Structures are given as C-alpha cells and as structure tokens.
Amino acid sequence: MGFEVGSGEDDWGGVTLGERLLRAAEGLGVVLPEHEGPWRGTAAYVDAGLDRRVWVRPADEQGRTFWVYLQSNGRCLAGGSTADPAEVVRAVVAWTGGAGLAGTREQAPCIEFRPWALAHEREPLGAVELEWCRRLDGIHMPPMNRFPRVHALLAAAYAQPVLRQLMPVTSHFNLGFSTGITAKRTTTRVGPMIWPHDEGFYGVRNGGTLLARLETPEEAVAFVVAVLPEGIGAAR
C-alpha cells in the first residue's frame, strides 16, 4: 500500500492534510508510507495490486470535515464525509487492505454507497452501464447532490434507449454522448452537447454554436435524439 499526498500547507496551523492523517494513523497504531505527489491539499492512498484508491480532501476551507471517496479500477464506488480524521484512516486501511464496501463501512460509518455498487462488487457491470449508474446516483453523494438540474438532465437522457447505450461524457456539468468507452471517448463524441445552465434554460450546442434553448431536460434530450446519426449503435 502506498500513500501520495500534496506537499502544500493549508490553513491548519502549517500542517498539511497528509500530516494530519498520518498523526491520526499513528494514534491508531497504523503506519502509512508517504510519497510526495502534486495534489495540494488532497491525499490519495493507493494499493496498486488491488487497483484501489482512496481520495481524501477537505470539505470546507477550515479543514473541519473531510470528503472521502473509494475508487476501484478508476471508478468511484462510494464516498462520504466525516469530521474525524481517525475515521478517514480506518476507511483507507480497510479499503486498500481488501475489505469490501460493507466491510469498509463497518470500519468507517461515514462511507455511503448505492445498491448498484454492491451489484458491481459481486459481478462487474459493463462499462457503459457502470458509468450511467455512477453518474445518476451522484445525486445521493456530496458534492454532486447540490446540482438538481444536472441530475434531472442525466435522468432524462437515461430514459432514452438510444442514449442509454452511449457513454455519457460530461464537462463543467454539460452532458454529451460518445460511442467509445475508453479514456479517449471525447474523440468519439456523437451529437450535440446539452448545457443545463444556459441562461436559465437547457441549451443544446454543437461546439460554440447554439442550436436551441429549451425549458425542460426532456425537451433538450428529445432534440438531441432527433439529430443523432441514423443507425447509431452501442458504445464500444
């Protein structure tokens, strides 16, 4: 198990986030090897053998609470917030040590996850389905639970079978679609992109060109479906 942490100091009396967590680990009798990384104010604990990672970052400027996210194979499966650094450490140790989602939550009750995450843990979901599940259920997890228009758009898009088989691609809360499932899926984007915060409307844009502004996410999604290329298949 390795530890990566940004080296910058934050407003905690000159103590970095990594140092705070290391002190909590010492109090629990846990040793976390440390490696410097480029992420100021953010800690990332990694177990390369299991391809698991725990991201930790402050939830407020004063550093009184922390957001904790559990990743597996590059996908976030669970998360939560806590004001207890020791609870953060217990989550790190459990998840990077091979515990499952339920086992990690036993050690750190702040960790929350949705039914799809447990299903994925038992039998991995396909890449497209997993991405939709992860994004749709963001409404239950901080900080994405603060953006109802974004989630209304995701739900409307997922309700359309032709879009549900494509990979959702997001940028600054805007939603597009791709026929590719790899890291380069932005180069296989298809159709226009929907902006949920376009002067109070759902804007449909093709690059920098505004195609339409619509009042509801369902209208915006229907517009995109109508202009998609014929015979478009599932993302692969």
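Regarding the environment of arginine 122
If you trace the backbone, arginine 122 turns up in helix α4 (residues 115-122). Arginine 122 gets classed as exposed once you look at its relative accessible area, which sits at 66%. Between the C-alpha atom of arginine 122 and that of glycine 100, which follows or precedes it by 22 residues, the distance is 9.8 Å.

Some remarks on the nonpolar core
Membership of the largest hydrophobic core comes to 29 residues, with the highest contact counts inside it found for Tyr45, Val54, Val56, Leu70, Leu101 and Ile111. At the level of elements, α1 (17-28), β3 (43-47), β4 (52-58), β5 (66-72), β6 (75-82), α2 (85-96), α4 and α5 (127-136) are the ones that each hand at least two residues to this core. For valine 54, the contacting residues outside a window of four places in its chain are Ala43, Ala44, Tyr45, Val68, Tyr69, Leu70, Val92, Trp95 and Thr96. Ranked by size, the runner-up nonpolar core spans 24 residues in total, among them Val128, Val150, Leu153 and Leu228.

Points about α2
Helix length check: α2, at 12 residues, gives a terminal C-alpha distance of 17 Å against a target of 16 Å (1.5 Å per residue), a fit within 8%. The element α2 is extensively covered by neighbouring structure, given that 10 of its 12 residues are classed as buried. Looking only at α2, the buried set comprises Pro85, Ala86, Glu87, Val88, Val89, Ala91, Val92, Ala94, Trp95 and Thr96. At the C-terminal side of α2, glycine 98 shows a positive phi close to 105°.

Examining the packing of α5 against helix α6 (residues 148-158)
Running from N to C, α5 and α6 point in directions that differ by 145°, and their axes come no closer than 10 Å. Regarding α5 and α6, the two cross each other, and that crossing is left-handed. Seen from α5, the contacting residues are Trp132, Arg135 and Leu136; seen from α6, they are His151, Leu154, Ala155, Ala157 and Tyr158. Tallied by class, the residues present in the contact of α5 with α6 amount to six nonpolar, one polar and one charged.

Parameters at a glance
- Residues numbered from 1 in each chain as written.
- Predicted model: local features only at pLDDT ≥ 70, side-chain atom pairs only at ≥ 80, totals over all residues.
- Heavy atoms only, no water.
- Helix = DSSP H or I, 4+ residues; strand = E, 2+ residues; numbered from the N terminus.
- Buried < 20%, exposed > 50% of the residue type's maximum accessible area, 1.4 Å probe, protein only.
- Core = buried A, V, L, I, M, F, W, Y, C linked by side-chain atoms within 4.5 Å.
- Contact = heavy atoms within 4.5 Å.
- Expected span 1.5 Å × (residues − 1).
- Axes fitted to C-alpha atoms, helices over the stretch in contact; angles between N-to-C directions.
- Left-handed = near helix turned anticlockwise from the far one by under 90°.
- Nonpolar A, V, L, I, M, F, W, Y, C, P; charged D, E, K, R; others polar.

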